[in-house]
Amino acid sequence: MNVYTPIRQRREPQPTLLSIVVPAFNEEATLDALVQRVSSVMGELKQRYELIFVNDGSTDMTLPSLMRIQQERPEVGIVNLSRNFGKEIALTAGLDYASGDAVVVLDADLQDPPELIPVFLDYWRQGFDVVYGQRISRAGETWFKKKSAEWFYAIMARLGPVEMPQNAGDFRLMSDRVVFALRQLPEQHRFMKGLFAWVGFPQKAVPYHRDPRHAGKTKWNYWKLWNFSLEGLTSYTTAPLRAATYIGLSVALCAFLYGLWIVFKTILLGDPVQGFPTVVTAILFLGGLQLIGLGLIGEYLGRVFNETKRRPLYFVERFEKPKEIGSQTEWQDRQSTVSQIRQLP
Ligand code: UDP
Ligand code: MG
């Protein structure tokens, strides 16, 4: 496989084009406010930019609103996915279609303040390839959600192959070579935060306060979050598979010692054989452990199964190129400078 990454030693004072990628699933209520805020920030910076919305199969008025906004604003582009693929895939599609020399990922609900982008760009100018927002507070989220997120990332940090920054979301700026690297990762099970960490390159954290949602409601409930964590864990590390071995070893050791104790008791103390409850408990306990182990293997096997199908990650129903990027050739040029891995229609 081609592992060449375009080298950029010296950064221009500004990207010639900044891409802002926004996955949107039923976000009709926040779109106008988002476009407003982004455009005032970019206006102050005098930065040429494109705002790529990925409509992730919304069932509300998100797409019509986007089409209306796109008529009025030359910088807005739309990638309309054929159905709801979930945020991670929507983000992937956005990164595939972005053509800037730096790409910012932003949530549609304005939880990530666009006002931070100038700070991101400062670090980009200094040569950092990834500048990510690190939440120091998360307003409008429950205690349990914050705590569980904290635990999850602590566990992942221990088990994963590379350290994943804590309290970082998807809100970040990436240089073109990082985007290029991400496009080379073909996996179906995409845990973006894991992939971001895995590709490496000089990274910089920028602390910020995460705002509550501007409007609408979160797409996550606890069951979805649990599945997301499982997805994250199993697509990012195989450590749990090894855990089964160690649990098995320690249970076997305990059983052996317990066996010795019974022999000792019977021979030396002349204790008659008892222990129906012990037998039942031991059987149930071991049965449980075995089932957990099987389930775990199943999780990984299922993922292997899905990966071997080698399906495309998503389908695009239509792509509306930002008018800002004048011609088809400019878009193709831009796309090929961050060289194209996935074939786009
Ligand atoms: N999102 C998406 N597809 C989905 C779910 C969410 O594109 O299936 C987008 C959503 O529109 C938003 C971002 O992902 O821009 C984050 O979603 P949300 O605000 O619901 O998550 P939270 O901020 O609560 O973690
Ligand atoms: Mg949100």
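Note on numbering: residues in each chain are counted from 1, in written sequence order. Each chain is given a letter, starting from A, and each ligand a number, starting from 1, according to the order in which they appear as written. With the structure being a predicted model, the display of local features is reserved for residues of pLDDT at least 70 and the display and counting of side-chain atom pairs for 80 or more, all residues being used for whole-chain, interface and lining totals. For side-chain calculations, the full set of non-hydrogen atoms in the structure is used, while hydrogens and water are omitted.

A. Quick look at the overall build of the chain. On a plain count of helices and strands, the chain comes out with eleven helices and eight strands. Residue burial is assigned from relative accessible area. The probe radius is 1.4 Å, only protein chains are included, and a residue is buried under 20% of its type maximum, exposed over 50%, and partly exposed in between. Counting every position in the chain, which comprises 345 residues, the buried fraction comes to 44%. Surface accessibility in these figures is a Shrake-Rupley result with a 1.4 Å probe; residues are shielded only by whichever protein chains are displayed. Accessible surface computed for the chain: about 18100 Å², of which carbon and sulfur atoms make up 63%. Segments assigned H or I by DSSP are reported as helices when at least four residues long, segments assigned E as strands when at least two residues long, and all are numbered from the N terminus.

B. Molecular detail of the packing of aromatic side chains. Paired rings are identified among Phe, Tyr and Trp, the last through its six-membered ring, by centres lying within 6.5 Å, and are further divided according to the angle between planes into stacked (under 30 degrees), edge-to-face (over 60) and tilted (the rest). Applying the stated rule across the entire model yields five aromatic pairs. Taken together, a centroid distance of 5.0 Å and an interplanar angle of 45 degrees make the contact between Phe120 and Phe171 tilted. With Phe120 in helix H4 (residues 117-125) and Phe171 in strand E6 (residues 168-175), the pair connects residues that are 51 residues apart, well separated along the chain. Taken individually, Phe120 and Phe171 each receive the classification buried, so the pair is uniform in this respect. Arranged with centres 6.0 Å apart and planes meeting at 75 degrees, the rings of Tyr123 and Phe128 form a pair that is edge-to-face. When its relative accessible area of 21% is taken as the criterion, Phe128 is described as partly exposed. Feature note: the residues Phe120, Phe171 and Tyr208 constitute an aromatic cluster, connected by ring pairs. The ring of Phe85 carries the charged tip of Arg83 above its face, separated from the ring centre by 4.0 Å. Our definition puts a charge over a ring when NZ of Lys or CZ of Arg is within 6 Å of the ring centre and also within 35 degrees of the ring normal.

C. Representation of the coordination of the magnesium ion (ligand 2) within the structure. Any N, O or S atom lying within 2.8 Å of the metal counts as a donor, with the limit raised to 3.2 Å for Na, K and Ca; because water is left out of the atom set, some sites can appear incomplete. Of the protein atoms, only Asp109 (OD) and Gln111 (OE1) coordinate the magnesium ion (ligand 2), at distances of 1.9 Å. Considered together, Asp109 and Gln111 belong to a single accessibility category, that of buried residues.

D. Geometry of the nonpolar core. Leu18, Ile20, Leu51, Phe53 and Leu173 are the most contacted members of the largest nonpolar core, which totals 33 residues. The element best represented in this core is helix H1 (residues 31-45), accounting for six residues. Judged by nonpolar contacts, the second largest core, of 30 residues, contains Leu91, Tyr132, Leu185 and Tyr314. Buried Ala, Val, Leu, Ile, Met, Phe, Trp, Tyr and Cys residues form a nonpolar core when they are joined through side-chain atoms within 4.5 Å.

E. Just the site of ligand 1, in detail. Throughout, near means a residue has at least one heavy atom within 4 Å of the molecule or strand. Near ligand 1 lie 19 residues; those nearest to it are Glu27, Asp56, Asp109, Gln111 and Thr218. Throughout this description, a polar contact denotes any pair of N or O atoms lying within 3.5 Å of each other; where both atoms belong to protein, one of them has to be capable of donating a hydrogen while the other can accept it, and for residues adjacent in sequence the pair is counted only when both atoms sit in side chains. Side-chain polar atom of Gln111 to an oxygen atom of ligand 1: 2.6 Å apart, as the coordinates give it. Here ligand 1 loses 92% of its free accessible area of 530 Å² to cover by the protein chains. At the level of secondary structure, the elements contributing two or more residues to the shell around ligand 1 comprise strand E1 (18-24) and helix H3 (87-97). For this classification, Asp, Glu, Lys and Arg are treated as charged, while Ala, Val, Leu, Ile, Met, Phe, Trp, Tyr, Cys and Pro are nonpolar and the rest, including Gly, are polar. Partitioning the shell around ligand 1 into residue classes produces six nonpolar, four polar and nine charged.

F. Broad picture of the pattern of salt bridges. By salt bridge we mean one thing: a side-chain nitrogen of Lys or Arg within 4 Å of a carboxyl oxygen of Asp or Glu. Per the counting criterion, the structure on display carries twelve salt bridges. One salt bridge connects Arg68 with Asp32, and the closest N-O pair in it is separated by 3.2 Å. Taken together, the residues Arg68 in helix H2 (residues 62-72) and Asp32 in helix H1 connect sequence positions 36 residues apart. The partner of Glu75 in a salt bridge is Arg73, with the nearest N and O atoms 3.1 Å apart. Classification of Glu75 as buried rests on a relative accessible area of 8%.

G. Broad picture of the side chain of Asp109. Along the chain, the position of Asp109 falls in the loop between strand E4 (102-105) and H4. The exposure class assigned to Asp109 is buried, which follows from its relative accessible area of 4%. Of note is the side chain of Asp109, whose polar atom sits 3.1 Å from the backbone nitrogen of Gln111. With sequence-adjacent residues up to four places away left out, Asp109 is seen in contact with Glu27, Thr30, Arg213 and His214. Should any heavy atoms of two residues lie within 4.5 Å, those residues are considered in contact.

H. Representation of the environment of Tyr123. Along the chain, Tyr123 falls in helix H4. For Tyr123, a relative accessible area of 23% corresponds to the partly exposed category. It is 9.6 Å that separates the C-alpha atoms of Tyr123 and Ala205, two residues lying 82 residues apart in sequence. Discounting residues that sit within four places of it in the chain, Tyr123 has contacts with Phe128, Val131, Lys204 and Val206.

I. View of a nonpolar patch on the surface. A cluster of nonpolar residues, Tyr258, Trp261, Ile262, Val263, Phe264, Ile267, Leu268 and Leu269, forms a patch on the protein surface that exposes about 820 Å² of accessible area. Its location among the elements puts Phe264 in helix H9 (residues 239-269). Looking at Phe264, the relative accessible area reads 39%, which means it is partly exposed. Patch building starts from residues that exceed 30% relative accessible area and form no salt bridge, then joins like charges within 9 Å and nonpolar side chains (Val, Leu, Ile, Met, Phe, Trp, Tyr) within 5 Å.

J. Expanded view of H3. Here H3 lies mainly inside the structure; ten of its eleven residues are buried. The complete set of buried residues in H3 reads Glu88, Ile89, Ala90, Leu91, Thr92, Ala93, Gly94, Leu95, Asp96 and Tyr97.

K. Region of interest: the confidence of the model for the chain. A score between 0 and 100, pLDDT records how confident the predictor is in each residue. Of all residues in the chain, 90% have pLDDT values of 70 or greater, and the mean over the chain is 82. Of all the helices and strands in the chain, helix H11 (residues 328-337) carries the lowest mean pLDDT, 66, while E1 carries the highest, 94. Across residues 1-9, confidence stays below pLDDT 50; counting only partners more than four residues off in sequence or on other chains, it has 15 contacts.

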